[in-house]
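Overview (structure and organization)
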Amino acid sequence: MSEATGVKEPPRYTKKDFESDQDVRWCPGCGDYAILSAIQKSMPDLGIPREDIVFISGIGCSSRFPYYMNTYGFHTIHGRAPAIATGLRLARPDLKVFVVTGDGDGLSIGGNHLIHVLRRNVNVTILLFNNKVYGLTKGQYSPTTEFGKMTKSTPFGSADRPVNPLTFALGVGATFVARTVDRNVAHMEEIVKRAAHHKGAAFVEILQNCNVYNDLAWNAVYDRELKVMHELRVQHGKPLLFGPIDDRRGLVLEGSKPKVVRVKDVAEGALWVYDETDPWAAQALALLTSDPEFPIPVGVLLNVEAPVYEEVLIDQEKKAVADRGVGDVAELLTSGDTWRIP
Amino acid sequence: MSDGTPVSAPKKPRRELDRAVVRFAGDSGDGMQVTGEQFTTETAWAGNDLSTLPNFPAEIRAPAGTLFGVSSFQIQFGRHRVYTPGDRLDCLVAMNPAALKTNLSDLKDGGLLILNTNSFDQKNLDRAGYKTNPMDDSALAGRYRVHKVEISRLTKEALEDLSLGTKEKERCKNFFSLGLVSWIYTRPIEPTVTWIKKRFAKNLEMVEANIRALKAGYHFGETAEIFGECYGIEPAELPSGLYRSITGTRALAWGLLAAAQRSGLSMVYGAYPITPASDILHELAQHKRFRVRTFQAEDEIAAVGSVIGAAFGGAIGVCATSGPGLALKAEGMGLAVMAELPIVVFDIQRAGPSTGMPTKTEQADLLQAMYGRSSEAPVVILAPATPGDCFFVAYEAVRLAVKYMVPVLVLSDGYLANGAEPWVIPNPESLPEISVGFRTEKEGFFPYVRDEATLARPWVRPGTPGLEHQIGGLEKEHITGHVSYAPDNHELMVKLRAEKVRRVAQEIPATTINGPSAGDLLVVGWGGTLGAITGAVEEAQMEGKAVASVHIRHMNPLPPDLGQILRQYRRVLVPEINSGQLVRLLRAEYLVDAVGFNRVRGLPLATSEIKEAIDQILKEKE
Ligand code: SF4
């Protein structure tokens, strides 16, 4: 089998070591540039030899990503990257596998594969760039586009209700769910690193700007002033706070429902202290995204442990080999009923 | 064979036959498949050559007694070579009226007809649509040798003192039938006794009941006055060796295991449940000790995706499906063509289109295999000819895939998958080498530099330092593998991908011609029709006709000597279970006036119908 035999000492890398020689072909000003840079920057800190890292993508603007990473890379078929990554992990559990996808690739054509890679808890890090539009095909609405939005394919406004990527991931049983923003390089780096270290399927939604077809779709978390009231930084073990320094707002839980309060109005200890290992809390928080009354949560929403699909299979295999030895084809062929003709 | 002697020697006269065709037919719940399989094992023990045809409904639990719920198992066995399960029956066992109705027309005049009279009650007669009881029909007795046996009652009687419930006792009646037919054809019942002991090891009462039912049937034949004689069939003169019975499904799975072991590569098998391909997944999933990792994917697309991922990782990636599933895999196979990764796809063809008749056989995916992907996406295509051949073809598929860095598609079919034949167990050591040289050398590395002889691009395992590279579905620049939209480069790459597949022709051995190397007629077949074609051609040859046949296992590329061979005969006939697919390819490729013989009934071709087609075409010539 291919499992690495010894622990390799990874060289000391810099960001440059992860930049490929291919020309980057995104539109000038696209949010993907910042994401690329943040990911290249976070790679040296992973402590993984470059040759053991694989980026797999589907189709779409985001999915050009592997070409620009100086690692092993595979730009595959629309929506299918999770399936290809699963096969790769089965064959090569020694590799660190990233999946790069978008809102159309991951939640529309590839929605089925995304469900199953998350529920199986295959050890891959999934980065979904959500710009709420189809960029590469020139501006149709996507499964995350808000209801009523006018796009090329919905000149009278879209009639679809959008999917919330976080509730989707939580709903199918993902074990690590997070969100970050393309305009916040430091936060992206932190989240990508945490996701990469998670054992099992890690799902990260990266809010991304498509300045050509859906500019400033995430302005609420871009604009310096808007952001104050609209971005909620989620931190494990800390109260959920946002708003201006001099008039902080916080979340409290009323029954199962979160509510925004002025911090100064509530007693100490009344605020919702976030626990990222609590799937109930994660669901409640993820739902806020769809509600304009609430800020948009950003950070790690869920981080729990569960059996990793390929590890379970490999353990079964090891046990079978330990119990009865490695299979031998000559023995297999002559097993059961046989007879000899002289 | 010493341990093959019957429990007690038959006392009635024994008549020697050359061959016999027997079919067990009953309700889906009557255990006809087990009965047939056990009769097959007994027959293999008796040293006869044989060929089988299981035939069962797609419905898991079809309503009892209905026509569409009938399940059957047919076997032909003989003292000479047996090529097919046989066209017409010498003996039909009908466990209920529905089985009689749906199978009687295949019984030869004068053939043995064994009826379970207990099941011919009003309810079952109604369900089968009989207005009057066919057992009372004097025409039946006039045309066939009818044996009315109270199979259900006799079974229950034999088990009387056992504490099992009436239903459970009744369920043992298939072993009574098996015992009876085993006596009629002097088959040894020991292998079945051994099998019952193993199968029901956890329930000793069931062991006892089934063995008793089996022996009761056997002794009933021996003692009941209605059976005046029994039949013997001398062992066939088969090539010497250690034999086992093998189905196409198992042979495909084992061929993969042999390829994995020989190459030292790990294997990922990705599959989505589909009839009749699923049995390969079931088989492989048992063999964790062989380090094959089976993955039940969320759909057909994910299944092919997973094996592409595995191949990218340096493992053998294999998936299997059936007709409609192959359509779903087209996109993934296109990627494997572009990325030039070695994957193997089995298509266990079934009658279609759409869901069609999932448990029935067909050969109608050849053109889909050839052309059913977007743009120009050639792949290597192989087709096994017999159940046992599936082993070698699976192995060859892996060998070619990794040698040429190309997807290989294997066209099996429902008949090969479920059919069984006695099989000389090969020595895995004698199989051809599968050499895999992963590229590790940095000097001069580009993802799309090619081997001169095979045009294969290098296979690099991720994890190899210094060879980090990116590939994908976008057109590749020759050698560098960079994304390229240059017109001339695209044309060059289209040609290179096609040429690489064409070069597989250098692997194909000289075509074996069954018959004269020139003459009036060449019959060209492929896949599971080998037996029927060979039987028909040999009959024609015995009549002194200048007829030969060839059977193609390499469908793409075709054997390099085929064009030359085709021209040595005045006429070319291509029997297929489709509306004429190989015949089209041959006409296009070689400009020969080949004609098709085509049936699409979900059934294997019959020797007799091919023979008629041969006679017909020879007559036309005159
Ligand atoms: S279309 Fe939008 S998402 Fe795509 S590259 Fe251009 S700006 Fe980026």
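A quick note: this is a predicted structure, and the numbers were derived from the prediction, not measured.

Turning our attention to the overall build of chain B. Of regular secondary structure, chain B possesses 21 helices and 22 strands. Since a compact globule built from 622 residues should have a radius of gyration of about 25 Å, the 27 Å found for chain B is in line with a globular shape. On the principal axes, the C-alpha backbone points of chain B span a range of 85 × 65 × 50 Å. In chain B, which comprises 622 residues, the share counted as buried stands at 63%. For chain B, restricting intrachain contacts to residue pairs at least 6 apart in sequence, the fraction spanning at least 24 positions comes to 77%. By element, 51% of the accessible surface of chain B is carried by carbon and sulfur atoms, the whole surface being about 23300 Å². In chain B, 67 positive and 72 negative side-chain charges are present, and the distance between their average locations comes to 2 Å.

Glancing now at the interface of chain A and chain B. Each partner contributes residues to the interface: chain A has 64 residues there, and chain B has 69 residues. Carbon and sulfur atoms supply 60% of the area buried between chain A and chain B, which totals about 5900 Å² over both sides. Taken as a group, Tyr72, Leu333 and Trp339 of chain A account for 16% of the area that chain A buries against chain B, more than any other trio of residues on that side. Across the contact surface, chain A and chain B share 5 salt bridges. One salt bridge in this structure joins arginine 293 of chain B and glutamate 317 of chain A, with 2.9 Å as the shortest N-O distance. Taken together, the elements giving at least two residues each to the side of chain A that touches chain B come down to β2 (72-75), α2 (81-91), α4 (111-120), α10 (309-324), α11 (329-333) and β14 (339-341) of chain A.

All residues in the neighbourhood of the ligand are listed as Trp26, Cys27, Cys30, Cys61, Asn131, Gly135, Gln208, Cys210, Asn211, Val212 and Tyr213 of chain A. Residues belonging to the shell around the ligand are distributed by class as follows: 7 nonpolar, 4 polar and no charged.

Residue and element names in this part refer to chain B. With 17 residues, helix α17 (residues 487-503) should reach 24 Å at 1.5 Å per residue; the first-to-last C-alpha distance of 24 Å fits that figure. Along α17, the residues classified as buried are Asn489, Met493, Val494, Leu496, Arg497, Lys500 and Val501. Angular distribution of buried residues about the axis of α17 spans 160 degrees; they occupy a single face of the element. Structural note: α17 exposes Pro487, Asp488, Lys495 and Arg502 on the side pointing more than 90 degrees away from its buried face. Buried residues along α17 sit in contact with α13 (323-339), β14 (380-382), α15 (389-404) and β20 (554-556).

All right, on to the nonpolar core then. Phe74 and Leu285 of chain A together with Tyr269, Phe346 and Val524 of chain B are the most contacted members of the largest nonpolar core, which has 168 residues in total. Among the elements that make up this core, the one with the highest residue count is α15 of chain B (11 residues). Counting contributing residues per domain, this core is built from domain 2 (241-507) and domain 3 (519-621) of chain B, each supplying no fewer than three. One finds Trp339 and Ile341 of chain A together with Val149 and Ile189 of chain B within the second-largest nonpolar core, a separate group that totals 53 residues.

Residue and element names in this part refer to chain B. According to the domain assignment, chain B contains domain 1 (14-232), domain 2 (241-507) and domain 3 (519-621). Here the C-alpha centre of domain 3 lies 28 Å away from the C-alpha centre of domain 2. The interface of domain 2 with domain 3 comprises 33 residues on the first partner and 26 residues on the second. The junction of domain 2 with domain 3 conceals about 2300 Å² of combined surface from both sides, 64% of it contributed by carbon and sulfur atoms. Along the contact surface separating domain 2 from domain 3 lie 1 salt bridge. In this structure, aspartate 389 and arginine 553 form a salt bridge, with 2.8 Å as the shortest nitrogen-oxygen distance. There are 12 residue pairs in polar contact (both at pLDDT 80 or more) connecting domain 2 and domain 3. Those elements giving two or more residues to the side of domain 2 that touches domain 3 turn out to be α14 (366-371), β14, α15, β15 (408-413), α16 (414-418) and α17. Looking at the side of domain 2 that touches domain 3, its residues break down into 22 nonpolar, 4 polar and 7 charged.

The next point concerns the sheet that holds strand β3 (residues 49-55) of chain B. All names here are of chain B. With respect to topology, 6 strands assemble into an open sheet ordered β3-β4-β2-β5-β6-β7, the strand pairing being mixed. The open sheet has two free edges, formed respectively by β3 and β7 (145-149), since each of these has just one partner strand. Taking each pair of neighbouring strands and ignoring which way they run, the sheet shows an average axis angle of 15 degrees. Helix α5 (residues 151-158) rests against β6 (107-116) and β7 of the sheet, and its axis sits at about 45 degrees to β6. Sitting on the sheet, helix α7 (residues 173-184) is in contact with β2 (19-27), β5 (89-94), β6 and β7, with an inclination near 140 degrees to β6.

Note that arginine 64 of chain A resides in the loop between β1 (53-57) and β2. Of the side chains bearing the opposite charge, aspartate 32 of chain A lies closest to the buried arginine 64 of chain A, which forms no salt bridge; the N-O distance is 9.4 Å. For arginine 64 of chain A, the residues in contact, after removing those within four places along its chain, are Arg25, Trp26, His75 and Leu136 of chain A together with Leu474 and Tyr485 of chain B.

Let us look at the packing of aromatic side chains. Enumeration according to the criterion identifies 24 aromatic pairs over all chains in this entry. Here tyrosine 185 of chain B and tyrosine 231 of chain B contribute two aromatic rings whose centre-to-centre distance is 5.6 Å and whose plane-to-plane angle is 35 degrees, an arrangement assigned as tilted. Of this pair, tyrosine 185 of chain B sits in the loop between α7 and α8 (190-199) while tyrosine 231 of chain B sits in strand β8 (residues 230-232), placing them 46 residues apart in sequence. Assessed through its relative accessible area of 3%, tyrosine 185 of chain B is described here as buried. Clustering of aromatic rings is evident, with ring pairs tying together Trp26, Tyr33, Phe55, Phe65, Tyr68, Phe98 and Phe129 of chain A. Sitting above the plane of the tryptophan 218 of chain A ring, lysine 132 of chain A keeps its charged end 4.3 Å from the centroid. Here the basic side chain of arginine 461 of chain B rests over the ring of phenylalanine 438 of chain B, its NZ or CZ set 5.7 Å away from the ring centre.

Residue and element names in this part refer to chain B. Across the 7 residues that make up β3, a large majority, 6, are buried. Of the strand pairs in this sheet, β3 and strand β4 (residues 70-78) are connected by 7 bridges, and their pairing is antiparallel. Each bridged residue has a counterpart across the sheet, and for proline 54 the counterpart in β4 is phenylalanine 73.

Parameters and conventions
Residues numbered from 1 in each chain as written. Chains lettered and ligands numbered in written order. Predicted model: local features only at pLDDT ≥ 70, side-chain atom pairs only at ≥ 80, totals over all residues. Heavy atoms only, no water. Helix = DSSP H or I, 4+ residues; strand = E, 2+ residues; numbered from the N terminus. Rg over C-alpha atoms; globule rule 2.2 N^0.38 Å. Buried < 20%, exposed > 50% of the residue type's maximum accessible area, 1.4 Å probe, protein only. Contact = heavy atoms within 4.5 Å. Areas by Shrake-Rupley, 256 points an atom, 1.4 Å probe, with all protein chains shown as cover. Lys, Arg positive; Asp, Glu negative; His and termini not counted. Charge placed at Lys NZ, Arg CZ, Asp CG, Glu CD. Buried area = accessible area lost by both parts, 1.4 Å probe. Salt bridge = Lys/Arg side-chain N within 4 Å of Asp/Glu carboxyl O. Near = heavy atom within 4 Å. Nonpolar A, V, L, I, M, F, W, Y, C, P; charged D, E, K, R; others polar. Expected span 1.5 Å × (residues − 1). Arc of directions from axis to C-beta. Core = buried A, V, L, I, M, F, W, Y, C linked by side-chain atoms within 4.5 Å. Domains from an automatic or database assignment. Polar contact = N/O pair within 3.5 Å; in protein donor to acceptor, adjacent residues only side chain to side chain. Pairing = 2+ DSSP bridges. Axes fitted to C-alpha atoms, helices over the stretch in contact; angles between N-to-C directions. Phe/Tyr/Trp six-rings, centres within 6.5 Å; stacked < 30°, edge-to-face > 60°. Lys NZ or Arg CZ within 6 Å of the ring centre and 35° of its normal.

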